[in-house]
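Residue-level structural notes
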Amino acid sequence: MTNITSLNFPRWRGYLELMRPANIVTAWADILVGFAASGLGVISAELINNPGNTPNLVTLSWLLLATTGLYGGGIVFNDVFDAELDKQERPSRAIPSGRVSRENAALLGMILFAIALFAASQVSGLSLAIAIFITCAALLYDSLAKHHPFFGPLNMGLCRGSNLLLGVSAVPAIILERWYLAIIPILYIAAITAISQGEVHGGKKITGVIAVILIAIVLTAVLSLGLFTEYTVISALPFAALLAVRVLPNFIQAAHEPVPEKIRNAVKVGVLSLIILDATIASGFAGLAYGLLVLLLMPISLSFAKIFAVT
(Lines give C-alpha, C1' and ligand atoms only; values in the text may rest on other atoms or scores of the structure.)
Protein backbone atom coordinates (compact mmCIF):
# COMPACT_ATOMS: atom_id res chain seq x y z
CA MET A 1 0.00 0.00 0.00
CA THR A 2 2.84 2.38 0.91
CA ASN A 3 4.70 1.60 -2.29
CA ILE A 4 1.66 2.33 -4.48
CA THR A 5 1.11 5.65 -2.76
CA SER A 6 4.74 6.67 -3.12
CA LEU A 7 4.66 5.79 -6.80
CA ASN A 8 1.41 7.56 -7.64
CA PHE A 9 1.58 10.71 -5.52
CA PRO A 10 4.33 12.48 -7.52
CA ARG A 11 2.37 11.91 -10.74
CA TRP A 12 -0.84 13.40 -9.37
CA ARG A 13 1.10 16.20 -7.72
CA GLY A 14 2.53 17.12 -11.12
CA TYR A 15 -0.95 17.49 -12.60
CA LEU A 16 -2.08 19.59 -9.64
CA GLU A 17 1.01 21.78 -9.97
CA LEU A 18 0.08 22.45 -13.59
CA MET A 19 -3.35 23.73 -12.51
CA ARG A 20 -2.00 26.15 -9.83
CA PRO A 21 -4.66 25.40 -7.15
CA ALA A 22 -3.95 28.60 -5.21
CA ASN A 23 -4.69 30.67 -8.32
CA ILE A 24 -7.91 28.80 -9.07
CA VAL A 25 -9.24 29.85 -5.67
CA THR A 26 -8.74 33.49 -6.71
CA ALA A 27 -10.88 32.77 -9.78
CA TRP A 28 -13.68 31.56 -7.49
CA ALA A 29 -13.55 34.98 -5.83
CA ASP A 30 -14.15 36.61 -9.24
CA ILE A 31 -17.33 34.58 -9.61
CA LEU A 32 -18.51 35.46 -6.11
CA VAL A 33 -18.07 39.19 -6.71
CA GLY A 34 -19.87 38.93 -10.05
CA PHE A 35 -22.64 37.00 -8.34
CA ALA A 36 -22.91 39.81 -5.78
CA ALA A 37 -22.98 42.48 -8.50
CA SER A 38 -25.80 40.61 -10.24
CA GLY A 39 -27.95 41.24 -7.17
CA LEU A 40 -28.03 37.63 -5.99
CA GLY A 41 -25.35 38.02 -3.33
CA VAL A 42 -27.63 39.99 -1.03
CA ILE A 43 -30.02 37.04 -0.75
CA SER A 44 -27.38 34.38 -0.19
CA ALA A 45 -28.09 34.28 3.57
CA GLU A 46 -31.79 33.84 2.85
CA LEU A 47 -31.03 30.91 0.56
CA ILE A 48 -28.91 29.27 3.26
CA ASN A 49 -31.71 29.67 5.80
CA ASN A 50 -34.24 28.27 3.34
CA PRO A 51 -32.62 25.20 1.72
CA GLY A 52 -35.74 24.54 -0.31
CA ASN A 53 -35.08 27.65 -2.38
CA THR A 54 -31.83 26.63 -4.08
CA PRO A 55 -31.93 27.55 -7.80
CA ASN A 56 -29.51 30.45 -7.38
CA LEU A 57 -27.05 28.33 -5.40
CA VAL A 58 -27.15 25.73 -8.18
CA THR A 59 -26.36 28.49 -10.67
CA LEU A 60 -23.45 29.64 -8.51
CA SER A 61 -22.13 26.07 -8.31
CA TRP A 62 -22.12 25.73 -12.10
CA LEU A 63 -20.30 29.04 -12.45
CA LEU A 64 -17.67 28.02 -9.88
CA LEU A 65 -17.10 24.77 -11.77
CA ALA A 66 -16.85 26.70 -15.03
CA THR A 67 -14.19 29.08 -13.73
CA THR A 68 -12.24 26.16 -12.26
CA GLY A 69 -12.03 24.60 -15.71
CA LEU A 70 -11.29 27.90 -17.45
CA TYR A 71 -8.47 28.98 -15.14
CA GLY A 72 -7.09 25.47 -14.79
CA GLY A 73 -7.15 24.89 -18.55
CA GLY A 74 -5.59 28.27 -19.26
CA ILE A 75 -2.71 27.84 -16.84
CA VAL A 76 -2.06 24.26 -17.97
CA PHE A 77 -1.73 25.38 -21.60
CA ASN A 78 0.60 28.15 -20.41
CA ASP A 79 3.04 25.45 -19.35
CA VAL A 80 2.37 23.41 -22.48
CA PHE A 81 3.37 26.30 -24.73
CA ASP A 82 6.34 27.18 -22.48
CA ALA A 83 7.68 23.62 -22.21
CA GLU A 84 10.86 24.24 -24.22
CA LEU A 85 11.60 27.57 -22.57
CA ASP A 86 11.00 26.11 -19.11
CA LYS A 87 13.75 23.56 -19.70
CA GLN A 88 16.21 26.46 -19.34
CA GLU A 89 14.34 28.88 -17.07
CA ARG A 90 12.09 26.73 -14.82
CA PRO A 91 13.36 23.13 -15.01
CA SER A 92 11.53 22.19 -11.80
CA ARG A 93 8.09 22.65 -13.38
CA ALA A 94 6.02 19.52 -14.00
CA ILE A 95 6.64 19.20 -17.76
CA PRO A 96 10.38 19.93 -18.07
CA SER A 97 11.08 17.82 -14.98
CA GLY A 98 9.43 14.86 -16.73
CA ARG A 99 6.73 14.30 -14.12
CA VAL A 100 4.01 15.07 -16.69
CA SER A 101 4.40 14.65 -20.44
CA ARG A 102 3.59 17.58 -22.70
CA GLU A 103 0.93 15.49 -24.45
CA ASN A 104 -0.81 14.52 -21.21
CA ALA A 105 -0.70 18.12 -20.03
CA ALA A 106 -2.38 19.24 -23.25
CA LEU A 107 -5.04 16.55 -22.78
CA LEU A 108 -5.65 17.77 -19.22
CA GLY A 109 -6.04 21.32 -20.49
CA MET A 110 -8.58 20.27 -23.11
CA ILE A 111 -10.59 18.28 -20.55
CA LEU A 112 -10.67 21.25 -18.19
CA PHE A 113 -11.87 23.59 -20.94
CA ALA A 114 -14.56 21.08 -21.95
CA ILE A 115 -15.79 20.87 -18.35
CA ALA A 116 -15.85 24.67 -18.17
CA LEU A 117 -17.91 25.08 -21.34
CA PHE A 118 -20.39 22.40 -20.27
CA ALA A 119 -20.81 23.97 -16.83
CA ALA A 120 -21.32 27.45 -18.29
CA SER A 121 -23.91 26.13 -20.73
CA GLN A 122 -26.00 24.97 -17.76
CA VAL A 123 -26.43 28.60 -16.68
CA SER A 124 -27.29 30.45 -19.91
CA GLY A 125 -26.28 30.99 -23.51
CA LEU A 126 -24.59 34.23 -22.44
CA SER A 127 -22.57 32.39 -19.80
CA LEU A 128 -21.45 29.90 -22.46
CA ALA A 129 -20.48 32.75 -24.82
CA ILE A 130 -18.38 34.39 -22.10
CA ALA A 131 -16.72 31.06 -21.30
CA ILE A 132 -15.87 30.52 -24.98
CA PHE A 133 -14.38 34.02 -25.13
CA ILE A 134 -12.26 33.34 -22.03
CA THR A 135 -11.07 30.05 -23.50
CA CYS A 136 -9.97 31.72 -26.74
CA ALA A 137 -8.40 34.66 -24.89
CA ALA A 138 -6.47 32.32 -22.58
CA LEU A 139 -5.10 30.31 -25.50
CA LEU A 140 -4.16 33.52 -27.34
CA TYR A 141 -2.30 34.73 -24.26
CA ASP A 142 -0.54 31.40 -23.71
CA SER A 143 0.62 31.05 -27.31
CA LEU A 144 1.36 34.60 -28.47
CA ALA A 145 0.21 37.64 -26.49
CA LYS A 146 2.21 37.04 -23.29
CA HIS A 147 5.42 37.81 -25.17
CA HIS A 148 4.20 41.31 -26.04
CA PRO A 149 4.81 44.07 -23.44
CA PHE A 150 1.43 45.77 -24.07
CA PHE A 151 -0.96 43.16 -25.46
CA GLY A 152 0.17 40.52 -22.94
CA PRO A 153 -1.02 42.38 -19.83
CA LEU A 154 -4.14 43.58 -21.66
CA ASN A 155 -4.97 40.04 -22.80
CA MET A 156 -4.59 38.57 -19.33
CA GLY A 157 -6.63 41.40 -17.84
CA LEU A 158 -9.42 40.68 -20.31
CA CYS A 159 -9.47 37.07 -19.13
CA ARG A 160 -9.96 38.08 -15.50
CA GLY A 161 -12.41 40.86 -16.30
CA SER A 162 -14.47 38.43 -18.35
CA ASN A 163 -14.33 35.93 -15.49
CA LEU A 164 -15.98 38.52 -13.24
CA LEU A 165 -18.66 39.06 -15.87
CA LEU A 166 -19.16 35.29 -15.96
CA GLY A 167 -20.30 35.65 -12.34
CA VAL A 168 -22.60 38.54 -13.27
CA SER A 169 -24.14 36.35 -15.98
CA ALA A 170 -26.04 34.55 -13.21
CA VAL A 171 -28.57 37.26 -14.11
CA PRO A 172 -27.86 37.85 -17.83
CA ALA A 173 -29.79 41.13 -18.06
CA ILE A 174 -27.50 42.74 -15.46
CA ILE A 175 -24.46 42.41 -17.76
CA LEU A 176 -25.53 45.50 -19.70
CA GLU A 177 -25.73 47.49 -16.46
CA ARG A 178 -22.54 46.29 -14.78
CA TRP A 179 -20.17 45.58 -17.70
CA TYR A 180 -17.79 48.34 -16.56
CA LEU A 181 -16.84 46.28 -13.49
CA ALA A 182 -14.60 44.23 -15.78
CA ILE A 183 -12.31 47.24 -16.18
CA ILE A 184 -11.12 46.97 -12.55
CA PRO A 185 -9.61 43.45 -12.76
CA ILE A 186 -8.32 44.30 -16.26
CA LEU A 187 -6.24 47.13 -14.77
CA TYR A 188 -5.21 45.08 -11.74
CA ILE A 189 -4.11 42.05 -13.73
CA ALA A 190 -2.41 44.28 -16.28
CA ALA A 191 -0.29 45.65 -13.41
CA ILE A 192 0.64 42.16 -12.21
CA THR A 193 1.34 40.83 -15.70
CA ALA A 194 3.43 43.86 -16.62
CA ILE A 195 5.69 43.58 -13.60
CA SER A 196 5.90 39.77 -13.92
CA GLN A 197 7.77 40.05 -17.21
CA GLY A 198 10.95 40.52 -15.19
CA GLU A 199 10.53 37.65 -12.73
CA VAL A 200 13.24 35.52 -14.38
CA HIS A 201 15.94 37.95 -15.50
CA GLY A 202 14.90 41.13 -13.72
CA GLY A 203 12.76 43.99 -14.99
CA LYS A 204 12.80 47.69 -15.79
CA LYS A 205 12.03 50.42 -13.28
CA ILE A 206 9.59 52.12 -15.66
CA THR A 207 7.52 48.92 -15.85
CA GLY A 208 7.36 48.78 -12.07
CA VAL A 209 6.32 52.43 -11.83
CA ILE A 210 3.52 51.84 -14.35
CA ALA A 211 2.36 48.83 -12.32
CA VAL A 212 2.25 50.89 -9.10
CA ILE A 213 0.24 53.60 -10.87
CA LEU A 214 -2.24 50.99 -12.13
CA ILE A 215 -2.69 49.61 -8.60
CA ALA A 216 -3.36 53.13 -7.34
CA ILE A 217 -5.98 53.60 -10.07
CA VAL A 218 -7.64 50.32 -9.05
CA LEU A 219 -7.83 51.39 -5.40
CA THR A 220 -9.39 54.69 -6.45
CA ALA A 221 -11.87 52.90 -8.73
CA VAL A 222 -13.19 50.49 -6.09
CA LEU A 223 -13.91 53.43 -3.80
CA SER A 224 -15.59 55.40 -6.58
CA LEU A 225 -18.12 52.79 -7.68
CA GLY A 226 -20.75 54.40 -5.48
CA LEU A 227 -20.85 57.31 -7.94
CA PHE A 228 -22.20 55.04 -10.68
CA THR A 229 -24.37 52.39 -9.03
CA GLU A 230 -25.91 51.10 -5.80
CA TYR A 231 -22.72 50.50 -3.92
CA THR A 232 -21.93 51.02 -0.22
CA VAL A 233 -18.45 52.55 -0.02
CA ILE A 234 -18.29 52.33 3.77
CA SER A 235 -18.55 48.53 3.57
CA ALA A 236 -15.80 48.38 0.96
CA LEU A 237 -13.39 50.72 2.77
CA PRO A 238 -11.84 48.22 5.26
CA PHE A 239 -11.11 45.75 2.46
CA ALA A 240 -9.64 48.48 0.24
CA ALA A 241 -7.32 49.50 3.08
CA LEU A 242 -6.21 45.88 3.54
CA LEU A 243 -5.55 45.60 -0.20
CA ALA A 244 -3.44 48.76 -0.21
CA VAL A 245 -1.38 47.67 2.80
CA ARG A 246 -0.75 44.22 1.35
CA VAL A 247 -0.01 45.07 -2.29
CA LEU A 248 1.46 48.56 -2.57
CA PRO A 249 4.63 48.04 -0.46
CA ASN A 250 5.61 44.95 -2.47
CA PHE A 251 5.01 46.64 -5.81
CA ILE A 252 6.89 49.75 -4.74
CA GLN A 253 9.88 47.61 -3.66
CA ALA A 254 9.84 45.75 -6.98
CA ALA A 255 9.66 49.04 -8.88
CA HIS A 256 12.51 50.55 -6.87
CA GLU A 257 14.71 47.45 -7.16
CA PRO A 258 13.45 45.28 -10.07
CA VAL A 259 15.40 42.13 -9.28
CA PRO A 260 13.82 38.68 -9.87
CA GLU A 261 13.29 37.89 -6.17
CA LYS A 262 11.39 41.11 -5.40
CA ILE A 263 9.40 40.87 -8.64
CA ARG A 264 8.36 37.26 -7.96
CA ASN A 265 7.27 38.23 -4.46
CA ALA A 266 5.23 41.18 -5.80
CA VAL A 267 3.59 38.91 -8.39
CA LYS A 268 2.73 36.24 -5.80
CA VAL A 269 1.27 38.79 -3.39
CA GLY A 270 -0.59 40.50 -6.23
CA VAL A 271 -2.17 37.29 -7.52
CA LEU A 272 -3.27 36.05 -4.10
CA SER A 273 -4.57 39.53 -3.19
CA LEU A 274 -7.06 39.29 -6.03
CA ILE A 275 -9.29 37.78 -3.36
CA ILE A 276 -9.04 40.97 -1.31
CA LEU A 277 -9.86 43.06 -4.39
CA ASP A 278 -12.91 40.88 -5.02
CA ALA A 279 -13.95 41.06 -1.36
CA THR A 280 -13.76 44.86 -1.58
CA ILE A 281 -16.11 45.06 -4.55
CA ALA A 282 -18.40 42.30 -3.27
CA SER A 283 -18.87 44.02 0.10
CA GLY A 284 -19.89 47.22 -1.65
CA PHE A 285 -22.66 45.39 -3.52
CA ALA A 286 -23.77 42.79 -0.97
CA GLY A 287 -22.62 44.03 2.43
CA LEU A 288 -19.80 43.49 4.89
CA ALA A 289 -20.76 39.89 5.73
CA TYR A 290 -20.64 38.84 2.06
CA GLY A 291 -17.26 40.54 1.67
CA LEU A 292 -15.95 38.56 4.65
CA LEU A 293 -17.30 35.38 3.03
CA VAL A 294 -15.23 36.11 -0.08
CA LEU A 295 -12.20 36.97 2.06
CA LEU A 296 -12.41 33.51 3.67
CA LEU A 297 -11.03 32.16 0.40
CA MET A 298 -7.75 33.91 1.25
CA PRO A 299 -6.47 31.39 3.83
CA ILE A 300 -7.46 28.55 1.49
CA SER A 301 -5.46 30.08 -1.34
CA LEU A 302 -2.50 30.81 0.94
CA SER A 303 -2.53 27.21 2.15
CA PHE A 304 -2.36 25.93 -1.42
CA ALA A 305 0.38 28.48 -2.19
CA LYS A 306 2.60 26.85 0.46
CA ILE A 307 2.32 23.53 -1.35
CA PHE A 308 2.05 24.47 -5.04
CA ALA A 309 3.74 27.23 -7.04
CA VAL A 310 1.73 30.35 -7.86
CA THR A 311 3.83 31.54 -10.82
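In the block above lies the structure referred to throughout.
Keep in mind the model is a prediction, meaning the values are calculated, not measured.

Looking at helix α11 (residues 205-222)
With 18 residues, α11 extends 26 Å from end C-alpha to end C-alpha; this agrees with the ideal 26 Å at 1.5 Å per step. Within the sequence span of α11, burial applies to G208, A211, V212, L214, I215, V218, L219 and V222. Angular distribution of buried residues about the axis of α11 spans 160°; they occupy a single face of the element. Buried residues in α11 make contact with α10 (183-196), α12 (233-256) and α14 (274-286).

Quick notes on the side chain of K146
By the element assignment, K146 lies in the loop between α7 (125-143) and α8 (151-168). Among all residues touching K146, those that are not within four sequence positions of it are N78, D82, Y141 and G152.

Remarks on the packing of aromatic side chains
The final tally for this structure, using the stated rule, is six aromatic pairs. Note on W62 and F118: the rings are 5.8 Å apart at their centroids and 80° apart in plane angle, and the pair reads as edge-to-face. Linking W62 in helix α4 (residues 55-81) with F118 in helix α6 (residues 102-121), this pair joins segments that are 56 residues apart in sequence. Of the residues examined, W62 reaches a relative accessible area of 25% and is grouped as partly exposed. Judged by centre distance (5.8 Å) and plane angle (10°), the ring pair of F77 and F113 falls under stacked. Of this pair, F77 sits in helix α4 while F113 sits in helix α6, and the two are 36 residues apart along the sequence. Taking the relative accessible area as the measure of exposure, F113 reaches 6% and is therefore buried. Three or more aromatic residues link up through ring pairs in this structure, and these residues are F77, F81 and F113.

Description of the environment of I281
Relative to the helices and strands, I281 resides in helix α14. Look at I281 and you get buried, because its relative accessible area is 1%. For the pair I281 and L70, spaced 211 residues apart in sequence, the C-alpha to C-alpha distance is 22 Å. Residues in contact with I281, not counting those within four places in the same chain, are V33, I184, V222, L225 and Y231.

Examining the state of the cysteines
Within the structure shown, the criterion is met by zero disulfides. C136 forms no disulfide, and the closest cysteine sulfur to it belongs to C159, at a distance of 10 Å. Using a relative accessible area of 49% as the deciding quantity, one classes C136 as partly exposed. Relative accessible area serves as the criterion here: at 8%, C159 is assigned to the buried category.

Some words on the pattern of salt bridges
Here the structure, examined in full by the defined rule, presents 11 salt bridges. In this structure, the salt-bridge partner of R93 is D79, at a minimum N-O distance of 3.3 Å. Taken as a pair, R93 in the loop between α5 (83-89) and α6 and D79 in helix α4 lie far apart in primary sequence, 14 residues in all. Given a relative accessible area of 3%, D79 falls into the buried group. Salt-bridge contacts for R90 lead to D86; the nearest nitrogen and oxygen are separated by 3.6 Å. Exposure remark for R90: the relative accessible area of 18% places this residue in the buried category. Overall, the relative accessible area of 0% leaves D86 in the buried class. Connected through salt bridges with shared partners, the residues R20, D79, D86, E89, R90 and R93 form a single ionic network.

Some remarks on helix α15 (residues 288-295)
For α15, every residue scored as buried is listed here: Y290, G291, V294 and L295. In a view along the axis of α15, the buried residues occupy a sector of 145°, so they form one face of it.

Definitions and cut-offs
- Residues numbered from 1 in each chain as written.
- Predicted model: local features only at pLDDT ≥ 70, side-chain atom pairs only at ≥ 80, totals over all residues.
- Heavy atoms only, no water.
- Helix = DSSP H or I, 4+ residues; strand = E, 2+ residues; numbered from the N terminus.
- Expected span 1.5 Å × (residues − 1).
- Buried < 20%, exposed > 50% of the residue type's maximum accessible area, 1.4 Å probe, protein only.
- Arc of directions from axis to C-beta.
- Contact = heavy atoms within 4.5 Å.
- Phe/Tyr/Trp six-rings, centres within 6.5 Å; stacked < 30°, edge-to-face > 60°.
- Disulfide = S-S within 2.5 Å.
- Salt bridge = Lys/Arg side-chain N within 4 Å of Asp/Glu carboxyl O.

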